[in-house]
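So you can see what is in the structure, the chains are spelled out below.
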Amino acid sequence: MNVTIHVNGEAKSANVEPRTLLVHFLRDELELTGTHVGCDTSQCGSCTVHLDGNAVKSCTLFAVQAEGRQVTTIEGLGKIGDLHVLQTGFWEEHGLQCGFCTPGMIMTSAELLKTNPNPSDAEIRHSLEGNFCRCTGYHNIVKAVQHAAGLMAEKQIAPAAADD
């Protein structure tokens, strides 16, 4: 089947098998390897992307289900030299160790900050319940999200812009 998906602001087309998962379309067809495959069962959250602005686990969707829709991956969230506030927060607050879970954590947190620009520690931890990190105790991840929220307030970045 031929699909066209708007990925990180660009229309991308490919011929895929109907059973191709969105995560494999992104990684294998488009070579956007920031979206990780961790468990293949939607448990870990490493494959989290935004579909039409909402965080979804891309291992739970077929590429054909994203036909004509907007997908944002970690590569589309920020660029080298112009990092997204969450990427800055994870960098400055040491919110990662091995980094495998980090793209999913950031994409999930971006959705949180869109709806709640000043979350408490408990709200951050609750929003990240579907994302697993095997290296950290989540403490610095929570600090990174809080830091990003502070940067958004300081720079007066609108919550809706958290996904831009």
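Our structure is the block above this text.
Keep in mind it's a predicted model, so treat the numbers as computed, not measured. Residue numbers run consecutively from 1 along every chain, following the written order of its sequence. Predicted model: local features are reported for residues with pLDDT of at least 70 only, side-chain atom pairs are reported and counted for 80 or more only, and whole-chain, interface and lining totals are derived from all residues. Note that the side-chain values use all heavy atoms of the structure and ignore hydrogens as well as water.

A.B. asks: Quick one: what's the story with the nonpolar core, residue by residue and with numbers?
C.D. replies: By size, the foremost hydrophobic cluster in this structure holds 23 residues, and its most contacted members are L86, F90, M105, L113 and V145. Secondary structure elements follow DSSP: runs of H or I no shorter than four residues count as helices, runs of E no shorter than two count as strands, and numbering proceeds from the N terminus. Of all elements in the fold, only α2 (74–77), α3 (85–92), α4 (102–115) and α6 (139–155) reach the threshold of two or more residues within this core. In terms of residue count, the dominant contributor to this core is α6 (8 residues). Look past the residues within four positions of V145 in its chain and what remains in contact with it is L86, F90, S109, L112, L113 and I124. The criterion is simple. A nonpolar core is a set of buried Ala, Val, Leu, Ile, Met, Phe, Trp, Tyr and Cys residues joined through side-chain atoms within 4.5 Å. Note on exposure labels: buried denotes an accessible area under 20% of the residue type's maximum, exposed denotes more than 50%, and partly exposed covers the range between, all computed with a 1.4 Å probe on protein chains only. Within the second largest apolar cluster, 15 residues are counted, among which are L22, L26, V49 and A63. Contact criterion: two residues are considered in contact whenever any of their non-hydrogen atoms come within 4.5 Å of each other.

A.B. asks: Could you give an account of helix α1 (residues 22–29), naming the residues involved and the relevant values?
C.D. replies: All of the buried residues in α1 are L22, V23, F25 and L26. For α1, the angular spread of the buried residues around the axis is 165°, confining them to a single face. If you follow the buried residues of α1, they end up packed against β1 (2–7), β2 (10–15), β3 (48–51) and β5 (70–72). In the stretch just after α1, E31 is the one whose phi turns positive, near 55°. Here the arc refers to the set of directions running from the helix axis out to each C-beta atom.

Read these as layout, nothing more, since geometry by itself doesn't imply function.
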